[in-house]
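The chain contents come next:
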Amino acid sequence: MNQQGHMASYGQPQSGYQGYQQFGYNSQHTAGVPTSQYGPYNGPVQGYQPTAVPQGPLRTAAGAPPTSLPLSTAAQSTAYNQYGQGDVQNGPAMSDQLQRFPVSQPYMPGSHPMPYQQYAPLPNNTQQLPNQMAAMQISGSTSNAPPPPASQSYGPPTSHHQTTTSFPLTGPASYTQYPTPLQNIPSSVPQSGNPPQHPFPGQPVPVSTFTSSPTSTGLTGSTLLPPSGVPRPPVMHGPPLSGQPQAGLPPSQHPTGHYPPQLNHRPAGLQSGMPGVVTGPPAQGFQAHPSQPSQGLAPQQNGSFGQVRSPQPNFAAPYTGAPSYPSQPQPQQKRLDPDSIPSPIQVIEDDKSNRGTEPFSTGVRGQVPPLVTTDFVVKDQGNSSPRFIRCAAYNLPCTSDMAKQCQVPLTAVIKPLATLPADEAPPYIVDHGETGPIRCNRCKAYMCPYMQFIEGGRKFQCAFCSCVTEVLPHYFQHLDHTGKRMDCYDRPELSLGSYEFLATVDYCKNNKIPNPPAFIFMIDVSYNALKSGLVQLLCEELKTLLDYLPREGNAEESAIRVGFVTYNKVLHFYNVKSSLAQPQMMVVSDITDMFVPLLDGFLVNINESRAVINSLLEQIPEMFADTRETETVFGPVIQAGLEALKAAECAGKLFIFHSTLPLAEAPGKLKNRDDKKLINTDKEKVLFQPQTSFYNNLAKECVAQGCCVDLFLFPNQYVDVATLGLVTYQTGGSIYKYTFFQAQVDGDRFLNDLHRDVRKVIGFDAVMRVRTSTGIRATDFFGSFYMSNTTDVELAALDCDKAITVEFKHDDKLSEDVGAQIQCALLYTSCSGQRRLRIHNLSLNCCTQLADLYRNCETDTLINYFVKLAYRGVLSNPTKTVRDNLINQSAQILACYRKNCASPSSAGQLILPECMKLLPVYLNCVLKSDVLQPGTEISTDDRAYIRQLVTSMDVAETNVFFYPRLLPVHKMDVDSDDFPVAIRCSEERLSKGGIYLLENGLNLFIWVGMNTQHDLIQSIFNVQSFGQIDSAMTALPMLDNPCSKKLRSMVDMIRAQRPRFMKLMIVKQDDKMELLFKHFLMEDKSVNGGASYVDFLCHMHKEIRQLLS
Ligand SMILES: [Zn+2]
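Regarding the overall build of the protein
For the protein, the helix and strand inventory stands at 24 helices and 27 strands. Taking all contacts inside the protein whose residues are at least 6 apart in sequence as the whole, residues at least 24 apart take part in 78%.

Structural data, given as structure tokens:
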């Protein structure tokens, strides 16, 4: 490990949080909201200072308490039926294995590293620490402190790039401005780094330049603009794709109706074979209809897709236009020009330049926010920030018939406790005193900006159910001439999209104010855990890490109590009461009916018991250093933690550090049931299902107690992540996996993850309810949680990284006038034991024209939903069925657009809605992901692991996970804070003379081309030539030159943006590790048989044509 540079950081309180803790409510205030009106609020979540109760208007005493518990009352019957009582819904997913290989094992498809042998099980024995108690008395052991983890700033994501590129998304008006055929409409060529060329310098290029007459459908200029004025380009028309048999692919390679088309041409071939194919500016549509100079639109014309392709100067083959399409046979083997199809990079860069400069104000209903890849500031003016809620559609179809017709899922991704950047105010806390939050009498929706006050302010009408509720005297306020309450802007709940209410005792379990939560550290001390160095590393780290437990606001110390357990086949509890001179161990060897052998002294305040705890942490590695015990239990470990929390009457989190399949005789014992032969069979789903119902039942109990389980796995072989991860999944916990863990190599990543996990903002014993206005309702939920009915999302805990995807369905008609309102309420216990409600509100538009829907969609969110739907689907269906379903639904979405919103045109044209032009490329990434289309190199556990991770990802995470970010390091500007503009994920975009950084949120690579200039290699790697670069390094050398500094800073910033620490891997061109790297070049054909982007686009086009015919 290369830690020197990082040592300092943990010694300084809160260094990692970049001032979030200090963030006073006075900074960054929403305009119009006087800060003094709100209770003292010192930061996000943790920031509330419990002692100072707000005075003033927000604080009013007296009044009736809520008539019912908040989130559990409404009696809605929904169609929701996904989660049977506690049935498992998730599984696991993976990825670590990949990360790990580089270092200790060559990653070779089909050859699994077999490090397990290194730790060959020793003779089994049942020896029980002969001198347990005695050992505890040993003191003064010193250990070499493992290096502290790298400092990591968990600061807000930053993103950069001002691109000058631009297709100013001008409205349709521009259609008429260029009556002449457009020649060579330039599209920027993303990978070249050159600014896109502009055909008409000085004039805006209409986004839809390549579309064929949208006017015929009435989608002319102004109508194309979303009502909100968001400059989203209207429709986009694609270039005729060569998808039809006669175009792109030889029919023989394109089995009808079957995806994946195992096309056998390599991406590289695309370069040469592009004659005849449409090329269009990546950003927009493609096709031109030469023969259709219709309706005042600029006639498109042949060849208009030719574009500037700097990397391929010779490319000039003009597209021959639509005529050659279905009707005229085109020469076989024509290839689509990859530069002519929609480019993710172009879309991302365009959005940055168009929308990254102005703050996004949420005052307008149905406004589509900037993309997650754009760095923008949010101003809450009555709707929740997109950091909390993002929707796939911001303009919902008014009727269920329309919704069925278009097949666009109405879905929102909600991240209730999302971390905000330092320059955005965290949600204010509103305290209504003993009466608690103001709510609708009928549906129990919380007071929000959508409620209409009537009768002079004496009553309000609910925006969700229309019921009229009397305003309690203490909450009364006069209305102004517009009908608005005079105090509207003084109250967060009347003027903001997101805020919190202090909950009263009525919102607490058993009507009792909760105790502060507890953290219990449960450490596997079997042979493998000791041998790998895990136990030593962990115990050493905990001594300092415990100083960083989450604190409330400016509280001096954390209210969270801690406890310790170690285990192998039996459990060891520790009494670390402050009055003891030495910790005491109590062994529970009868694990069939788990109990906690001590109450007093198990859960303690860290500061009071510090000496005893430190002594314990020093002794644990020594006590077990010579262990020969290889068997472990797992179920009883969770049970023990659960029982301890029950006994202490509190919620909390178990941190379980576990290394092996629990084979020891005990409840929850597992067997090795891994069977790769099941892949691609109808039985494949079994691999994702838990092998016993034991953990389902245990999860249910944990949720009831508010016991969240975080699982850190250190396996050397199959451990059945699908089963072990179940409780973690259902309790809102996090899972981490460090395959073939060795402290020396992987310690850095583990400790960084652990630090972040322990410190992050978290709410316990939570219930989330999503209410909607009449006409739609939430019918399905995806994420890490438990549901015992159809409406309440139960979370033993919810942290700032977890997102929940919600699907809505119609149950009535919606109206364009009223729109649709969503209110998400999360009731939770803060880290100090305070009961709170976090409220997020969002209002959407509704439409009677499908074109409006297609104009206000967000593909990134749509993909987030599709992934989660698919990853749940593998529990009950063969992966092929799941893939086919995804393709079908996507094809229907695009076909419906084509049929209803695009102008009539040749069937040979692929026409995509502007907002969804990346749907095919992103969908393809999902389809060929390791869960849905595994290669031989991926383990069953890793698939289960990935699956579980993705289930709680937000939109930004799924976006980069499925389409990684690939940055040309050799083009970075050392004088700028910006990153170089990313390039598309394809091998053909890589230059042999370049160095590239690739990251997807879990993996981080630096790829070095073999012709890279020596001075660049020298300045980054401190060696003279390509051949001397050590690909085993996991950290870049700290060199004092601008290049080295800039690159290391980029790596640090990227890591800081992601919830998990990414270990750096160096990949040299043509090295064996390159195969792993290429796995992430998502536009290329994959070795598993996953289609290239070009081929898949052709396939999608064919699917769409079939639907239309
Ligand atoms: Zn209501």
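There is more to say, and it comes next.
Description of the pairing of strand β13 (residues 571-575)
Across the five residues that make up β13, a large majority, five, are buried. Where burial is concerned, the two faces of β13 agree: the one with Leu 571, Phe 573 and Asn 575 and the one with His 572 and Tyr 574 are both buried. Sheet topology note: the strand β12 (residues 561-567)/β13 ladder contains three bridges and is antiparallel. Residue pairing in the sheet places Tyr 567 in a bridge with Leu 571 of β13.

Brief notes about the pairing of strand β27 (residues 1064-1068)
Among the five residues that make up β27, five are buried, leaving the element largely enclosed by the rest of the structure. Burial of β27 is two-sided: the residues Leu 1064, Ile 1066 and Lys 1068 facing one way and the residues Met 1065 and Val 1067 facing the other way are all buried. Bridge analysis of strand β26 (residues 1004-1008) against β27 gives five bridges, and the strand direction is parallel. Across the sheet, residue Val 1008 finds its bridge partner in β27, namely Lys 1068.

Quick look at the side chain of Arg 855
Among the structural elements, Arg 855 can be located in helix α15 (residues 850-855). Judged by relative accessible area, Arg 855 falls into the buried class, the value being 3%. Polar contacts involving the side chain of Arg 855 include one to the side chain of Asp 852, which spans 2.7 Å.

Thoughts on the coordination of the zinc ion
Ideal geometry at a metal gives 109.5 degrees between four tetrahedral donors and either 90 or 180 degrees between six octahedral ones. Protein-derived coordination of the zinc ion comes from Cys 440 (SG), Cys 443 (SG), Cys 462 (SG) and Cys 465 (SG), at a distance range of 2.2 to 2.3 Å. Geometry at the zinc ion is tetrahedral, judged from its four donor atoms and the angles of 100 to 116° they form at the metal.

Topic: the sheet that holds strand β7 (residues 452-454)
Within a sheet, each strand pairs with its neighbour through backbone hydrogen bonds, oriented either parallel or antiparallel. Read across the sheet, three strands follow the order β7-β8-β9 without closing on themselves; strand pairing throughout is antiparallel. The open sheet has two edge strands with one neighbour each: β7 and β9 (468-470). Each neighbouring strand pair of the sheet contributes to a mean axis angle of 30°, computed without reference to strand direction. Note that β7 and strand β8 (residues 459-461) share three bridges and pair antiparallel. What sits directly across from Ile 454, in β8, is Lys 459.

Some words on the packing of helix α13 (residues 721-730) against helix α19 (residues 940-951)
Between α13 and α19, the least distance of the axes is 9 Å, while the angle of their chain directions is 20°. Taken together, the axes of α13 and α19 are roughly parallel relative to one another. α19 is crossed by α13, and the crossing has right-handed handedness. Residues Val 721, Ala 722, Gly 725, Thr 728 and Tyr 729 of α13 touch α19, and the partners they reach there are Asp 941, Ala 944, Tyr 945, Gln 948 and Thr 951. Partitioned by chemical class, the residues of the contact of α13 with α19 number five nonpolar, four polar and one charged.

A word on the packing of aromatic side chains
With the rule as written, the count across this model stands at 31 aromatic pairs. Plain terms: the ring middles of Phe 521 and Phe 655 are 4.8 Å apart, the flat faces sit at 15° to each other, and that makes the pair stacked. Of this pair, Phe 521 sits in strand β11 (residues 518-524) while Phe 655 sits in strand β15 (residues 652-658), placing them 134 residues apart in sequence. Here the two residues Phe 521 and Phe 655 agree in accessibility, since each one is buried. Ring centres 5.5 Å apart and planes at 75° place the aromatic pair Tyr 738 and Phe 750 in the edge-to-face group. Of the two residues, Tyr 738 sits in the loop between β17 (735-737) and α14 (743-759) while Phe 750 sits in helix α14, which places them 12 residues apart along the sequence. Relative accessible area serves as the criterion here: at 0%, Phe 750 is assigned to the buried category.

Topic: the environment of Met 586
Among the structural elements, Met 586 can be located in strand β14 (residues 584-588). If near-sequence neighbours (up to four positions away) are discounted, Met 586 is found in contact with Leu 571, His 572, Phe 573, Pro 597 and Leu 598.

Looking at the nonpolar core
Within the largest apolar cluster, 245 residues are counted, with the highest numbers of intra-cluster contacts made by Phe 750 and Phe 1021. Ranked by residue count, the leading element in this core is helix α17 (residues 879-900), at nine residues. Not counting residues within four places of it along the chain, the set of residues in contact with Phe 750 comprises Leu 534, Leu 537, Leu 538, Phe 657, Phe 712, Phe 714, Tyr 738 and Phe 741.

As for the sheet that holds strand β5 (residues 410-414)
On the basis of which strands lie adjacent, the open sheet formed by four strands has the order β3-β5-β21-β19 and antiparallel pairing. Strands at the two margins of the open sheet, each flanked by one partner only, are β3 (389-391) and β19 (776-782). Going across the sheet, the axis of each strand differs from the next one's by a mean of 25°, ignoring polarity. Note: β5 against strand β21 (residues 804-810), five bridges, orientation antiparallel. Note that in β21 the partner of Ala 412 across the bridge is Val 806. Contacts from helix α16 (residues 859-873) reach β3, β5, β19 and β21, with the element oriented near 60° to β19.

Topic: helix α11 (residues 635-648)
Residue pairs spaced three or four apart in an α-helix point in one direction, given the helix's 3.6 residues per turn. Here α11 contains 14 residues, and its C-alpha end-to-end distance of 20 Å stays within 8% of the 20 Å for a straight helix at 1.5 Å per residue. Of all 14 residues in α11, 11 are buried, a share of seventy percent or more. Regarding α11, the residues found buried are Gly 635, Pro 636, Val 637, Ile 638, Gln 639, Ala 640, Gly 641, Leu 642, Ala 644, Leu 645 and Ala 648. Among the residues trailing α11, Glu 649 stands out with phi positive, at a value near 50°.

What counts as what
- One numbering rule holds for all chains: residues counted from 1, following each sequence as written.
- Only residues with pLDDT of 70 or above have their local features reported here, since the model is predicted, and side-chain atom pairs are shown and tallied only from 80 upward, although totals for entire chains, interfaces and linings are computed over all residues.
- To get the side-chain values, all heavy atoms of the structure are used, and hydrogens and water are removed first.
- Strands are runs of DSSP state E lasting at least two residues, helices are runs of H or I lasting at least four, and both sets are numbered from the N terminus onward.
- Whether two residues touch is decided by their heavy atoms; if any such pair falls within 4.5 Å, the residues are in contact.
- Here the term buried applies to any residue with accessible area under 20% of the maximum for its type, exposed to any over 50%, and partly exposed to those in between, with areas from a 1.4 Å probe on protein chains only.
- A pair of strands is labelled paired if DSSP reports no fewer than 2 bridges between them.
- Any pair of N or O atoms that falls within 3.5 Å is considered a polar contact. Within protein, one atom must be able to donate a hydrogen and the other to accept it, and sequence-neighbouring residues count only if both atoms are side-chain atoms.
- Shown as donors are all N, O and S atoms within 2.8 Å of a metal ion, widened to 3.2 Å for Na, K and Ca; because water is not in the atom set, sites may appear incomplete.
- Square planar and octahedral assignments, for four and six donors respectively, both demand that opposite donors be over 155 degrees apart and that all other angles lie between 65 and 115; tetrahedral needs four donors with all angles between 85 and 135 degrees, and anything else is irregular.
- Axis lines are fitted through C-alpha atoms, for helices just across the contact stretch, and the angle between N-to-C directions can take any value from 0 to 180 degrees.
- Every angle not falling under 35 degrees, over 145, or within 65 to 115 is termed oblique; those three ranges are roughly parallel, roughly antiparallel and roughly perpendicular.
- In this scheme the crossing of two helices becomes right-handed for a clockwise turn of the near helix relative to the far one and left-handed for an anticlockwise turn of less than a right angle.
- When residues are grouped by polarity, Ala, Val, Leu, Ile, Met, Phe, Trp, Tyr, Cys and Pro land in nonpolar, Asp, Glu, Lys and Arg in charged, and all others, Gly among them, in polar.
- Aromatic rings from Phe, Tyr and Trp, taking only the six-membered ring of Trp, are treated as a pair when their centres fall within 6.5 Å; an angle between ring planes under 30 degrees marks them as stacked, one over 60 as edge-to-face, and anything in between as tilted.
- What is meant by a nonpolar core is a set of buried Ala, Val, Leu, Ile, Met, Phe, Trp, Tyr and Cys residues, joined one to another through side-chain atoms within 4.5 Å.
- One less than the number of residues in a helix, times 1.5 Å, gives the span that helix is expected to have.

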